[in-house]
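Analysis of the macromolecular model
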Amino acid sequence: MAFIPNLRRRKPITAAGETAPASQPSFGYIDTLFDYGALLASSPDSLGKLPAAGNPTIAIIGAGMSGLVSAYELLRAGASNVVLYEASGRIGGRAYSIPFTNQAPAFLAELGAMRFPPSEYSLFHYLERFGIQANSSFPDPGEVLTNLGYQGQTYTWPAQGNPPDMFATVHAGWSAFISDGFTPSSGPALLAPVAITELLRNGNLGAARNAWQAYIDMFGNQSFYSALQTLFSGANPPGGKQWRNPDDYELFGALGVGSGGLGPMYPVAFLEIVRLMVDELETDQLFIPAGIESLADAFSAQVFGGLSIAQRVVNKPVSRVTRNGEGVMLTLADGSVQFADRVIVTASTRAMQIDMALTAPASALSAQQCSAVNDVHLTSSSKVFVMTQRKFWLDQNLPANIQTDTLVRGVYCLDYAPTDPNAPGVVLLSYAWEDDAIKQLALGSNQQRVQRLVADLAQTNAAFAQYVVPINNDYQTYVKTVDWDLQQGYYGAFKLNFAGGDAQSQQLFFQFQDSLQPATDPFIYLAGDSCSFTGGWVEGALQTGINAVCAVIRSLGGSVVPNNPLDNMSPPYDYSGVSTSEEREASGWR
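Procedures and definitions
Residues numbered from 1 in each chain as written. Predicted model: local features only at pLDDT ≥ 70, side-chain atom pairs only at ≥ 80, totals over all residues. Heavy atoms only, no water. UniProt positions renumbered as here; feature names shortened; annotations may be inferred. Helix = DSSP H or I, 4+ residues; strand = E, 2+ residues; numbered from the N terminus. Pairing = 2+ DSSP bridges. Domains from an automatic or database assignment. Contact = heavy atoms within 4.5 Å. Buried area = accessible area lost by both parts, 1.4 Å probe. Salt bridge = Lys/Arg side-chain N within 4 Å of Asp/Glu carboxyl O. Polar contact = N/O pair within 3.5 Å; in protein donor to acceptor, adjacent residues only side chain to side chain. Nonpolar A, V, L, I, M, F, W, Y, C, P; charged D, E, K, R; others polar. Axes fitted to C-alpha atoms, helices over the stretch in contact; angles between N-to-C directions. Parallel < 35°, antiparallel > 145°, perpendicular 65-115°, else oblique. Left-handed = near helix turned anticlockwise from the far one by under 90°. Phe/Tyr/Trp six-rings, centres within 6.5 Å; stacked < 30°, edge-to-face > 60°. Lys NZ or Arg CZ within 6 Å of the ring centre and 35° of its normal. 1 Å grid on protein atoms, 1.4 Å probe; cavity = no way out; pocket = protein on both sides within 12 Å on 5 of 7 lines; lining within 4 Å. Points joined across faces, edges and corners; volume = space filled by probe spheres on them. Patch = residues over 30% accessible without salt bridge, like charges linked within 9 Å, V, L, I, M, F, W, Y side chains within 5 Å. Areas by Shrake-Rupley, 256 points an atom, 1.4 Å probe, with all protein chains shown as cover. Buried < 20%, exposed > 50% of the residue type's maximum accessible area, 1.4 Å probe, protein only.

As annotated in an unreviewed UniProt entry, the protein is Tryptophan 2-monooxygenase from Caballeronia sordidicola. UniProt lists a comment for the protein under the heading Catalytic activity (unreviewed entry), and it reads "L-tryptophan + O2 = indole-3-acetamide + CO2 + H2O". One UniProt comment on the protein, placed under Pathway (unreviewed entry), says "Plant hormone metabolism; auxin biosynthesis."

This part is about the UniProt feature "domain: Amine oxidase" (unreviewed entry) in the protein. The positions UniProt marks with the feature "domain: Amine oxidase" (unreviewed entry) are residues 65-553. Within the segment residues 65-553, helix and strand shares are 33% and 17% respectively, and the terminal C-alpha atoms sit 19 Å apart.

Let us now look at the sheet that holds strand β14 (residues 342-345). The strand order across the open sheet built from five strands is β10-β3-β2-β14-β22, with neighbouring strands paired in parallel fashion. Whereas interior strands pair on both sides, the edge strands pair on one side only; in this sheet they are β10 (313-314) and β22 (524-526). Alignment of strand β3 (residues 81-85) against β10, held across two bridges, turns out to be parallel. Across the sheet, residue Y85 finds its bridge partner in β10, namely V314.

Moving on, we get to the domain arrangement of the protein. Per the domain assignment, the segments making up the protein are domain 1 (50-92 + 291-375 + 495-587), domain 2 (163-279) and domain 3 (381-491). The interface of domain 1 with domain 3 comprises six residues on the first partner and four residues on the second. Summing both sides of the interface, domain 1 and domain 3 together bury roughly 500 Å²; the carbon and sulfur share of this comes to 44%. Sorting the residues of domain 1 by area buried against domain 3 places S348, R350 and D355 first, and these three jointly supply 53% of that buried surface. In this assembly, domain 1 and domain 3 are joined by zero salt bridges. Counting across the interface, domain 1 meets domain 3 through three residue pairs in polar contact (both at pLDDT 80 or more). Along the lines of polarity and charge, the residues of the side of domain 1 that touches domain 3 split into two nonpolar, one polar and three charged.

In regular strands, side chains alternate between the two faces of the sheet. As paired strands, strand β12 (residues 328-332) and strand β13 (residues 337-340) are joined by four bridges and run antiparallel to one another. Within the sheet, the bridge partner assigned to M329 lies in β13 and is F339.

So, about the packing of helix α5 (residues 193-201) against helix α9 (residues 270-278). The contact between α5 and α9 brings their axes to 8 Å, and the two run at 55°. In terms of orientation, α5 and α9 fall into the oblique class. Taken as a pair, α5 and α9 cross one another with a handedness that is right-handed. Residues P193, I196, T197 and L200 of α5 form the contact with α9, whose own contacting residues are V274, M277 and V278. Of the residues in the contact of α5 with α9, the class split is six nonpolar, one polar and no charged.

This paragraph deals with the packing of aromatic side chains. Two aromatic rings are characterised by how far apart their centres lie and by the angle between their planes. Scanning the model with the defined rule gives 38 aromatic pairs in all. The residue whose ring lies beneath R90 is Y96, and the NZ or CZ to ring-centre distance is 3.6 Å. Sitting above the plane of the F523 ring, R323 keeps its charged end 3.6 Å from the centroid.

Before going further, it helps to spend a moment on the layout of surface pockets. Here the second largest pocket is characterised by a volume of approximately 560 Å³. If you go around the second largest pocket, you meet 38 residues; those closest to its centre are G93, T346, A347, S348 and Y490. Taken together, the elements giving at least two residues each to the lining of the second largest pocket come down to α2 (65-76), β11 (318-323) and α18 (538-555). With three residues, α2 is the single largest residue contributor to the lining of the second largest pocket. Broken down by class, the residue content of the lining of the second largest pocket amounts to 18 nonpolar, 15 polar and five charged. When we break the lining of the second largest pocket down by domain, the ones giving at least three residues each are domain 1 (50-92 + 291-375 + 495-587) and domain 3 (381-491).

With that out of the way, let us pick up a nonpolar patch on the surface. Side chains of I438, L441 and L486 sit close together on the surface and give an oily, nonpolar patch of about 270 Å² of accessible area. Relative to the elements of secondary structure, L441 occurs in the loop between α14 (434-439) and α15 (446-457).

Our focus in this paragraph is the packing of helix α4 (residues 168-180) against α9. Orientation of α4 relative to α9, taken along the N-to-C sense of each, is 70°, at an axis distance of 11 Å. Taken together, the axes of α4 and α9 lie roughly perpendicular to each other. Our pair here, α4 against α9, has a crossing hand that is right-handed. Each of W174, F177 and I178 in α4 lies in contact with α9, whose residues at this interface are F270, I273, V274 and M277.

Looking now at the sheet that holds β13. If you trace the three strands from one edge of the open sheet to the other, you get β11-β12-β13, paired in antiparallel fashion. The open sheet has two free edges, formed respectively by β11 and β13, since each of these has just one partner strand. Taken over all neighbouring pairs, the strand axes of this sheet differ in orientation by 20° on average, direction set aside.

Now for the pattern of salt bridges. In the structure shown here, the tally under the stated rule is 19 salt bridges. Among the salt bridges present, the one from D248 reaches R244, with a minimum N-O distance of 2.9 Å. Across the salt bridge formed by D334 and K316, the nearest N and O atoms sit 3.0 Å from each other. Remark: K316 occurs in the loop between β10 and β11 and D334 occurs in the loop between β12 and β13; sequence separation between them is 18 residues. According to the relative accessible area criterion, D334 is partly exposed, its value standing at 47%. Connected through salt bridges with shared partners, the residues D31, E272, R275, K495 and D502 form a single ionic network.

Written as structure tokens, this is what we have:
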């Protein structure tokens, strides 16, 4: 669920607007240094093989993207008794592409994940496997005619042009940080995020690791806002010009560099933002016209042993997960108890704590892992979509993107029928995060919410606002909304750490490696994007699912492919803040 629109374009766009994933080799993300793209490319048949005898029961809790990839890869590895438990009654999790009507299924509201950078190497591996296309047609700010509403004034950003002059200082400063890094008044210079990316791409993992450890040592306990103050209020600001306090910080918080307000994200950890740049998760993000749920559907339709994955889903919540000497007992919401030899839990961390009591006393998890499950921060998010009678922004020469500092926040005009000028349009009327999303919980019914947001939008562009009306004034059929805080079993959109929280992510991401030793093997393995370093990205769900699959195969006595994350990855960073360069060199990282 990318919350930062495209800030960088690496490759050219063809005349038709079509683009393919980057042809450059895959690389490992900075927090793990493990290349999942290379793993999948070198393992066309399966990630390993389970023993032929035994027929163990493997339970997967959650039928979102992590649960689906786990089931798919386990079945490919020879498992036959795989059961998925899903509390919501639908498959796909936050890969949630809902049509407005069954009569026009191509017109979608992407309630969850919506933009996908090519550096999501696992994701594009599976998209390619199932023939699902992506393109560059998403109307990101500045890529299309854009209006910016700020402090009661409206500014125009021409398509493919430069952002308005009001952004000169923050645009130059942020861009300089990304491309040139930061030299504090005391201490060593920090390598530019793009330079760290090149180290990863070139396989220079030791240098990349040391560069990221330097960021951890300096910014590991800083919020996004406090880090911006460190960067741009000191003697050596990137871009050469100090930001005005509070004016430039307010502008950056309200509208970023024109790409959308980052103010709601100011309390989160600065490292959460920087890793997006290093891992190129904000670069060349693509759109899937068929909807991201088409990938969930493709997984679900795969048949093994005469049963599809969808047929293996049990639509019952799991209310408790407990380890015993032989395996794991699952207590279902109806009071029944099911046994499993191994369990992969892919639900959100809040569901793990609230719904399953996974962190209760005598948990199979360690005390540190329990604390991480309980304390990791999940972000609030809301979306409002309206299907309109026509694509009014095209024939009225109106902006296809509007970003504001008011309640509506981000507006995106989506064209699901680009070859038909008379087709309906889809307007993402509001794309809001954290406090801005929580405010929308008070807006009432679909009609009340849309009309309130439209009135708000009129402050920036009244001509545009008058056209944001659902077809036939039908606010039930042609308006789709989601508030992820209120979704049963989710309790938030995705993981986004507060300052100092990366150690929690490390506890959760590497929990699957407890399977390496029989004495520590919990038989329960955590997965899902809230257990990853990249919450809100499908890649985090897929990577952790792959990790858990490898743990299950090894734990049950099977063999895993050589280039696997069990044997070839270990926690690379020290979050204590006391690590020195000499200690890091002594650990073998050069």
